[in-house]
Every structure is written in C-alpha cells, then in structure tokens.
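Listed below, chain by chain, are the residues.
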Amino acid sequence: MNLDAITLAAHIRDKSLSPVEVVTASLARMDLLEPELHAFCTPTPDLAMAQAKAIEQKILRGEKVGPLAGVPVAIKDLISTAGIKTVSGSWIYENFIPDEDDITVERLKAAGAIILGKTNAPEFGYSGTGHNPVFPTTRNPWNTDLTPGGSSAGSAAALAARMCPLALGSDGGGSVRIPAAHSGLFGMKASMGRVPLYPGCRDERFPGLSSWESLEHIGPMTRTVADAALMLSVIAGPDPRDRHSIPTSDIDWLNAPKGSLKGLRIAFSADWGYAAVDQQVREVVAKAVRVFERELGCIVVEAHPGFSDPKETFAALVAQETDLTGMRKLMESYGDRMSPHLVAMLNTDWTAEMFTDANMKRKEVVNKMWRFMQGYDLLLTPTLATPPFPIDIESPAMIDGRSVTPAEWLAFVFPINLTGQPAASVPAGFTADGLPVGLQIVGRHLDDALVLRASAAFEKVCGWQHRLPPMLTR
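Residues numbered from 1 in each chain as written. Predicted model: local features only at pLDDT ≥ 70, side-chain atom pairs only at ≥ 80, totals over all residues. Heavy atoms only, no water.

### Digging into the overall build of the protein chain
Piece 1. Looking only at helices and strands, the protein chain has 14 helices and 13 strands in total.
Piece 2. Taking 2.2 N^0.38 as the reference for a compact globule, 474 residues should give roughly 23 Å; the C-alpha atoms of the protein chain span a radius of gyration of 21 Å, in line with that estimate.
Piece 3. Looking at the protein chain as a whole, 63% of its 474 residues are labelled buried.
Piece 4. Within the protein chain, residue pairs in contact and separated by at least 24 positions form 78% of the contacts whose partners lie at least 6 positions apart.
Piece 5. Carbon and sulfur atoms make up 53% of the accessible area of the protein chain, which amounts to about 17,600 Å² in all. (Helix = DSSP H or I, 4+ residues; strand = E, 2+ residues; numbered from the N terminus. Rg over C-alpha atoms; globule rule 2.2 N^0.38 Å. Buried < 20%, exposed > 50% of the residue type's maximum accessible area, 1.4 Å probe, protein only. Contact = heavy atoms within 4.5 Å. Areas by Shrake-Rupley, 256 points an atom, 1.4 Å probe, with all protein chains shown as cover.)

And the structure:
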C-alpha cells in the first residue's frame, strides 16, 4: 500500500493489480495497525470487498470504469454516508445511519473509489485533535504518544500508516490542514464553493447537527499533490444542493500541478506579526521557504497581511453557525457524556452584538487580506505553531515560552477559513525528533491551480512524501 493513487489506479486499469488484491492489502494493514492507531471508528471491510469484486468484474468485462476505480478511500466520520454509521464522535448519534451520501462521497463512489470505512474525529469536529467520548483516541503514526492533529484525525492516521492512498476530510477551521501538517501529508482546502457541501452534518430528523456553512470545506488528504489533484477532479464542481457552490469549473485539475514558479512574487509571514511559534517550527519552515527562492526562482518577501488576531472572531462565528438551540436541548439530556470544551462553548452567553461584531471583524480580515494579496501571487506561513503534542491534551499551554490560549497553536489556519481562499499544507520537513512540520501555501481567492502548482514544485524538490513513519519500518 505504498503506491500513490494515480499509480494504483493505472495498475488496476491495466489489470496488473486487481481491486480485490488492493483491498485485501488495505484490510491487512488495518488489521495490523488499527489496534494501536485507532484511525477508523467504523470500518466497512465487507462493503469494501463487495465493491472491489464488483469493480473487478466490470474491468474483466471490458466495461468503462471511473478514474478512481478500485482505489481505497477513507471517509471522515463527520461526512454523510448512506447506510454507514456516521457517529460524529458523539454518544448522541452512536446509532445514526444517514439515508443519503454527501455530494463528495456520491462522486467518489461514481468514480469507482472503494470505501474502507469512517475515520475518527472529535465530537462534531469541535477540536483540532483526535479524541472524543465514544471511540479510542486516534494516535499519530510518527509517534503514537502524540496527536495526529484533527479534526480529520483518523483520515490522517490512516493515510500516514499506508492503510489507503486517499482520504476525505473536512476543514471548518483548519481540520484538513492541521492533521496534514502533524502527520506528514498533503491536505488542501480549495476556495469556498469549489467543492460542494451537502448535507454535511445536517439532517432535519436530528436537531443539533449543523455545518458551519460559511466556514466549512470538504477536501482531499493525500500523500502526493498529484493524488489530491486527482481527487479534486472528481469531487469539485457545482451542485444546486449547495447554494455557495461556484457555478463553473474553470480548472484543469489534473494538469494544475504542472509548471514553473519562476518569477512569482511570494510573501512569507513567519508569525502574522503576533503569533507565538515554536522555534523548531520556525527553523524548518524558514528553510522550506528558502527553497522557493533558491531552487524555484521565486521572489520571496517577508510581510504580514496586517490584521490583528481574529481568534475571538472565529470562536463567535463558529457559535453563530452552530445550531445552538438544538445543541442546547441535546445537552440537557447528554451533557454529562459530551466533550467538556463543546459544553463550555454551548454554555457561553452569546449575544447578538458578539455575532455582529464578529462579522464586522471578519470583513476587516477579508479586506486586509485581499489588499495584501494584490502584491503577491502566494502567501507562505507555517501550517501550525507547534509540532505534534501529547494525545491527552486539547492544546499546548505554552508555545516558545509564552502562555497561550487554546486556539493559538492554530493561528495560521482558521484565518483562511474566514477569507475562503485556497490553502494547502505540504510537508516542510521534520524536527530533531523526526516529527513532521507543515508549510501552508495560500493563494488568491479562486487561484486553486497555483496553490497546487506551487505545492507540487516544492514537493518535487524536497521529496518528503517518500519518508515513512518509524512504525512502518520497525
């Protein structure tokens, strides 16, 4: 299972590998490592094998198959899957089985992808780590005492452990890019509306479930940039069920990663001008940024967009986009079984003024970023302010000798959910202890193709995608 998705799909199409062989290998890797990693909360081995056999028969009959035919994919447990439990890390929905697929799942299945199961996530996604009250905590394949990041924690762990070549995550405040950075992977949040979102966590039959409509994205998590482009070629594009979806698809996704960066003007912000950042993260990311200048021919300028820390803005917007009425009713019955940080958010005395102030601050961030990006083709930052930390905490209390609040290790990711710009995390390098560090590449709004091109160019020079977690080499 070390093959990337593009290579695997080609071998399946030319019959040098069968979908059944591929799924058998994936399930064997899951059997071996799941007792330690807990990447999957609801594995679906029987379904996966049935899908593999059906696709194999199509190929043997010479029928046309999709671009992902026979390729295993893991689906985050916040993403709706018809007929498969979608627990969302909550006792409230421990037996919830949706009757419809999310648009992205629908499209993956139509392309021939094989669903290995649902991957673990914090309760309703309200965390950047991988623990919830229902399932065992997901561990990082690079060091199983540490978090793989979240909220797409299980998707990241499954990918990094080579259980599958593709995974689907969701990103409302960094939840694709966070685990990509902490797990040595590529993860991308496309421009708002590129990948349609429906139904997300919403279901009229179950009050309390709600998507963060103006913040949330669904996106690919992969080991290579080209594989992410392949996934985007399948899941991107308009759909009337998402009123925010962009009505046209103007990107040739498969060719987007190709091309030179020479002469591009790139901004680099090491700390936004205000964030606490771990010293090793600073060093690894600074070295990665020099690659763009020395190896890729870019003009790199250190500069900040100029907005002040919007963490309180983001917290208020998350609350605003939560079904507070429904969730508070559920809390009356299930509060003692819910995650403490989620209960604390629901118990906050939110006011209309807090929400309107947050929306005004968001407009300020968006406008400052827009003006800033007029002078640059791309913006580079660390993805996260810290390397992976122990799994038994929600967030570090100290960064670089400074006491910090819970959201500050996420300082670089959630502002890009406020703006809706395309952003990716690509492996930048490793700490002295061999822990992954991510580089965030941000593009102008709708310039998703350039984010993929820059990510692929950097990947080609550095080649971190070939490095294996220690647990796979022992």
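### Some thoughts on the sheet that holds strand β8 (residues 299-302)
Piece 1. Taken together, the 11 strands give an open sheet; going across it, the order is β1-β3-β2-β4-β6-β5-β12-β13-β9-β7-β8, and neighbouring strands pair in mixed fashion. Here the strands that pair on one side only, and so sit at the sheet edges, are β1 (40-43) and β8. Going from strand to strand, the sheet's axes swing by 30° on average, the running direction of each strand aside.
Piece 2. Direction of pairing for strand β9 (residues 378-382) relative to strand β13 (residues 436-443): antiparallel, over a ladder of five bridges. In the strand pairing of β13, T381 is matched with Q440.
Piece 3. Running at roughly 20° to strand β3 (residues 114-119), helix α2 (residues 19-37) makes contact with β1, β2 (72-76) and β3 of the sheet.
Piece 4. Packing against the sheet, helix α8 (residues 279-294) makes contact with β7 (265-268), β8, β9, β12 (423-430) and β13, and its axis sits at approximately 50° to β13. (Pairing = 2+ DSSP bridges. Axes fitted to C-alpha atoms, helices over the stretch in contact; angles between N-to-C directions.)

### Notes on helix α10 (residues 324-334)
Piece 1. Listing the buried residues of α10 in full gives L324, G326, M327, L330 and M331. Buried residues of α10, seen end-on, are gathered within an arc of 160° and therefore sit on one face of the element. Those residues of α10 that are exposed and angled more than 90 degrees off the buried face are T325, K329, E332 and S333.
Piece 2. Where α10 is buried, its residues meet α9 (311-320), α11 (340-347) and α12 (352-373). (Arc of directions from axis to C-beta.)

### Comments concerning the side chain of H217
Piece 1. As for its placement among the helices and strands, H217 is situated in strand β6 (residues 217-222).
Piece 2. Classification of H217 by relative accessible area gives buried; the value is 4%.
Piece 3. Engagement of the side chain of H217 in a polar contact is seen with the backbone oxygen of L215, the distance being 3.0 Å.
Piece 4. Setting aside its immediate chain neighbours within four residues, H217 contacts G169, S170, D171, K189, A190, S191, M192, N417 and G420. (Polar contact = N/O pair within 3.5 Å; in protein donor to acceptor, adjacent residues only side chain to side chain.)

### Section: unusual backbone geometry
Piece 1. Cis peptide bonds are those with omega within 30 degrees of zero, and the linkage from G150 to S151 qualifies with 5°.
Piece 2. Considering the arrangement of structural elements, one finds S151 in the loop between β3 and α5 (153-160).
Piece 3. We note that S88 has phi near 60°; this positive angle belongs to a residue other than glycine.
Piece 4. By the element assignment, S88 lies in the loop between β2 and α4 (103-110).

### Considerations on the pattern of salt bridges
Piece 1. Using the criterion set out here, one finds 14 salt bridges in the structure.
Piece 2. With its nearest N and O atoms 2.9 Å apart, the salt bridge here joins R194 to D250. Of this pair, R194 sits in the loop between β5 (186-189) and β6 while D250 sits in the loop between α7 (225-235) and β7, and the two are 56 residues apart along the sequence.
Piece 3. The closest approach of N and O atoms between K311 and D309, which form a salt bridge, is 2.9 Å. (Salt bridge = Lys/Arg side-chain N within 4 Å of Asp/Glu carboxyl O.)

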